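Here is how the chains run, residue by residue.
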Amino acid sequence: MTDSEQLHPYVEWIIREARRPVVTDPDARDRVIEAIRVEPLPRRTAVVRRIFAPRVFRLSPVTGALLAAGLVGIGVIAGAVSFNRDGRVAVEQPSVAAKPLPVSDTIVKFVFFAPRAQQVSLVGDFNDWDIAKTPMNRSARGGLWSVTVPLSAGRHVYAFVVDGSSWSADPSAPFAPDDGFGHANSVKLVGRGSSL
Amino acid sequence: MRFRRTPFGAPGSRRVSVRAVRAAVLVFGASVTLRTLRAQETEPDRLARLDANTRFTIHVLMDSAEMAGLPSSALRSIALQGISLKADSKTIVAAVRQELANLRTARTTLGPVEPEELTAAAALLHAGAKPGQLEKFRVRQRGRSDLQAFTIWADLITRGVPSEDASSAITKLWDDGADDATFLSLWNNVQSDILRGLNPGAALQARVRETPGRPPTAKGQPPEGQQENTRSE
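If you're wondering where the values come from, they're calculated on a predicted model, not measured in any experiment.

Undergrad: Help me out: how do you make sense of the overall build of chain A in this one?
TA: For chain A, the count of helices and strands is 4 helices and 8 strands. The linear arrangement of helices and strands in chain A, starting from the amino end, is α-α-α-α-β-β-β-β-β-β-β-β. Expressed as a percentage of its 196 residues, the buried residues of chain A come to 17%. The contacts in chain A between residues at least 6 apart in sequence include a share of 60% that link residues at least 24 apart.

Written out as structure tokens, the structure reads:
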């Protein structure tokens, strides 16, 4: 658009009005505030007034820290109850009584010879391969380590862990092939009744 | 932030209530800390030790197994084994994937069998047996389990017996109607021979010749009382 162009009279009027300085009454703000002040507050009962009345609590830094820790704890518990550890929302599980209990009627004795070992553990699919769950006991003489565990009937894969790091298959049982971790395991086939 | 006494209530009662609040907060905080520590100690699911991506992948593989009617516990067991061995995430996922593939092949080859037989067959495939070598075991006597045969077979391959030799030996004994005790006896003998320094393949062949058996049945015909695994999944 150029200055030489002819504007519509209505547009020219709008421009003029927009450019005109605004003149306000300097006492207008005070009058509005005064009007608000004299406006009566909504009525509240004594209990409500007491609940909503502002107050200041006195807290030592230690108490404040403990209070904060408690609130964090509530959050942690709520999170643990609501979600599984893998982040999925927990769903209601059927009660244990509703499911048949696993059959674990066979006591199996595992024996391993390791004279120089300080400690030996039994790991397998029956104890989630947890080194801490099934420590073996050393016999009074010699380096014979043993433990008895209840196992359900079926096929079980296991190994011995010497001194927390060295994995060994059971030389007195069939081997299971390496699962991809660099060592073979052993297999125990469990039937009904004791296999001690 | 300003700190001053609360404006309502008597000064004495105020002191008591502040103390009570402090004690309650202290007890609550201690109990929360103890609960959290105890929860970490018991560790309900050891798979939680995996990083989020690996854990998700393992769960997906386990879900796939369950959808296909395969035992997901076998996959979980391998993942847990990897965790205990401090294997890296890639190795764990690869091992679990391999197990799932073996379970699928075993199911296709054997038909609907018990989960333990399926995991034993998967281990056998992992050891080096070919799916075609397992097909013979699709036909079996009612109530006869191939668990022991598969276990000994996998062991022989793991100890160095050539896969073809192990396959023909175990299949022959199976056809001859060998029971669990026969397979176990064979394993004991071959193992002691290997420990004495004999060649694994030669040791197996010698011991199979010694093993008594009944004459094999006509080829391709299941013996009387035997059936194929054809029940629906």
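Undergrad: How should I be thinking about the overall build of chain B in this particular structure?
TA: Tallying secondary structure elements over chain B gives 10 helices and 2 strands in all. From first element to last, N terminus to C terminus, chain B shows the α and β order α-α-α-α-α-α-β-α-α-α-α-β. Counting across all 233 residues of chain B, residues that qualify as buried make up 36%. Within chain B, residue pairs in contact and separated by at least 24 positions form 67% of the contacts whose partners lie at least 6 positions apart.

Undergrad: When you look at the sheet that holds strand 4 (residues 144–151) of chain A in this model, what are you seeing that I'm missing?
TA: Note on sheets: strands pair through backbone hydrogen bonds, and any given pair is parallel or antiparallel. All names here are of chain A. If you trace the 3 strands from one edge of the open sheet to the other, you get 1-4-3, paired in antiparallel fashion. Looking at which strands have only one partner, the edges of the open sheet turn out to be strand 1 (106–113) and strand 3 (137–138). As judged from the 2 bridges shared by strand 3 and strand 4, these two strands associate in the antiparallel manner. Paired with Asn-137 across the two strands is Ser-146, which belongs to strand 4.

Undergrad: Would you mind going over the interface of chain B and chain A with me for this structure?
TA: Quoted interface sizes are often the accessible area lost when the parts come together. With 46 residues of chain B in contact, the opposing surface of chain A contributes 34 residues. Contributions of two or more residues to the side of chain B that touches chain A are made by helix 1 (11–42), helix 2 (52–67), helix 3 (72–84), helix 4 (89–110), helix 5 (115–127) and helix 7 (147–158) of chain B. Looking at side-chain class alone, the side of chain B that touches chain A contains 21 nonpolar, 15 polar and 10 charged residues.

Undergrad: I keep staring at helix 3 of chain B and nothing clicks. Help me out?
TA: For an α-helix, 3.6 residues make a turn, and residues three or four places apart therefore share a direction. Residue and element names in this part refer to chain B. When the terminal C-alpha atoms of helix 3 are compared, their 19 Å separation across 13 residues agrees well with the 18 Å that a helix rising 1.5 Å per residue should span. By the criterion of burial, helix 3 is predominantly enclosed, with 12 of the 13 residues buried. Among the residues of helix 3, those classed as buried are Ser-72, Ala-74, Leu-75, Arg-76, Ser-77, Ile-78, Ala-79, Leu-80, Gln-81, Gly-82, Ile-83 and Ser-84.

Undergrad: Can you walk me through the pairing of strand 5 (residues 154–162) of chain A in this structure?
TA: For a regular strand, side chains alternate in direction, first toward one face of the sheet and then toward the other. All names here are of chain A. With 8 of its 9 residues buried, strand 5 lies for the most part within the structure. Taken together, the 5 bridges between strand 2 (residues 120–124) and strand 5 define a ladder with antiparallel strand orientation. Within strand 5, the position partnered with Leu-122 by the bridge is Phe-160. Two elements, strand 5 and strand 8 (residues 185–190), share 5 bridges in a ladder whose sense is antiparallel. Considered in strand 8, the bridge of Arg-155 is made with Leu-189. Where strand 5 meets strand 6 (residues 166–168), 3 bridges bridge the pair, whose relative direction is antiparallel. By the bridge assignment for strand 6, Val-161 is matched with Trp-167. Hairpin connection between strand 5 and strand 6: a loop of 3 residues separates the two successive antiparallel strands, and Asp-163 in this loop has a positive phi of roughly 55°.

Undergrad: For this particular structure, what's the right way to read the packing of helix 8 (residues 163–175) of chain B against helix 10 (residues 200–210) of chain B?
TA: A pair of packed helices is characterised by two quantities: the angle between their axes and the separation of those axes. All names here are of chain B. Between helix 8 and helix 10, the shortest axis-to-axis distance is 10 Å and the interhelical angle comes to 15°. Of the possible angle classes, the one that applies to helix 8 and helix 10 is roughly parallel. The hand of the helix 8/helix 10 crossing is left-handed. Residues Asp-165, Ala-166, Ala-169, Lys-172 and Leu-173 of helix 8 form the contact with helix 10, whose own contacting residues are Gly-201, Leu-204, Gln-205 and Val-208.

Undergrad: Please explain the confidence of the model for chain A as it appears in this structure.
TA: Parts of the prediction with low pLDDT should not have their coordinates interpreted in detail. Residue and element names in this part refer to chain A. Residue-level pLDDT values for chain A average 81, and 81% of them are 70 or greater. Across chain A, the secondary-structure element scoring lowest on mean pLDDT is helix 3 (residues 46–52), at 80, and the one scoring highest is strand 2, at 95. Contacts of residues 90–101 to residues separated by more than four positions or lying in other chains number 4 contacts, the stretch itself having pLDDT below 50.

Undergrad: Is there a simple way to explain the nonpolar core in this structure?
TA: In summary, soluble globular proteins display a tendency toward joint burial of nonpolar side chains. Residues and elements named next belong to chain B. Leu-75, Ala-79, Val-96, Ala-121, Leu-124 and Trp-153 are the most contacted members of the largest nonpolar core, which has 73 residues in total. Residues from two domains meet in this core; each of domain 1 (40–110) and domain 2 (132–233) gives at least three. For Ala-79, the contacting residues outside a window of four places in its chain are Leu-47, Ile-58, Ile-92 and Val-96.

Undergrad: How should the packing of helix 3 of chain B against helix 4 of chain B be read in this particular structure?
TA: All names here are of chain B. Direction vectors running N to C along helix 3 and helix 4 enclose 155°, while the axes themselves pass 9 Å from each other. Here helix 3 is positioned roughly antiparallel relative to helix 4, judged by the angle of their axes. Where helix 3 crosses over helix 4, the handedness of that crossing is right-handed. Between helix 3, through Ala-74, Leu-75, Ile-78, Ala-79 and Gly-82, and helix 4, the contact on the second element is made entirely by Thr-91, Ile-92, Ala-95, Val-96, Glu-99, Leu-100 and Leu-103. Residues belonging to the contact of helix 3 with helix 4 are distributed by class as follows: 9 nonpolar, 2 polar and 1 charged.

Undergrad: Even after reading the chapter, I still don't get unusual backbone geometry, so can you show me in this structure?
TA: Backbone phi values are negative for most residues with the exception of glycine, while trans is the configuration of most peptide bonds. A positive phi angle is found at Trp129(A), which is not glycine, with a value near 60°. Residue position: Trp129(A) is located in the loop between strand 2 and strand 3. Positive phi outside glycine occurs at Lys86(B), with the angle close to 55°.

Undergrad: How should the confidence of the model for chain B be read in this particular structure?
TA: Residues and elements named next belong to chain B. On average, chain B scores 81 in pLDDT, and the residues at 70 or more come to 78%. This stretch, residues 215–226, has a pLDDT under 50; its non-local contacts, to residues over four places away or in other chains, come to 12 contacts. Under the prediction, the complex receives an ipTM of 0.72, its pTM being 0.62.

The rules behind each value
- Residues numbered from 1 in each chain as written.
- Chains lettered and ligands numbered in written order.
- Predicted model: local features only at pLDDT ≥ 70, side-chain atom pairs only at ≥ 80, totals over all residues.
- Helix = DSSP H or I, 4+ residues; strand = E, 2+ residues; numbered from the N terminus.
- Buried ≥ 20, exposed ≤ 12 C-beta atoms within 10 Å, placed from the backbone.
- Contact = placed C-beta atoms within 7 Å.
- Pairing = 2+ DSSP bridges.
- Nonpolar A, V, L, I, M, F, W, Y, C, P; charged D, E, K, R; others polar.
- Expected span 1.5 Å × (residues − 1).
- Axes fitted to C-alpha atoms, helices over the stretch in contact; angles between N-to-C directions.
- Parallel < 35°, antiparallel > 145°, perpendicular 65-115°, else oblique.
- Left-handed = near helix turned anticlockwise from the far one by under 90°.
- pLDDT = per-residue confidence, 0-100.
- Core = buried A, V, L, I, M, F, W, Y, C linked by C-beta atoms within 7 Å.
- Domains from an automatic or database assignment.

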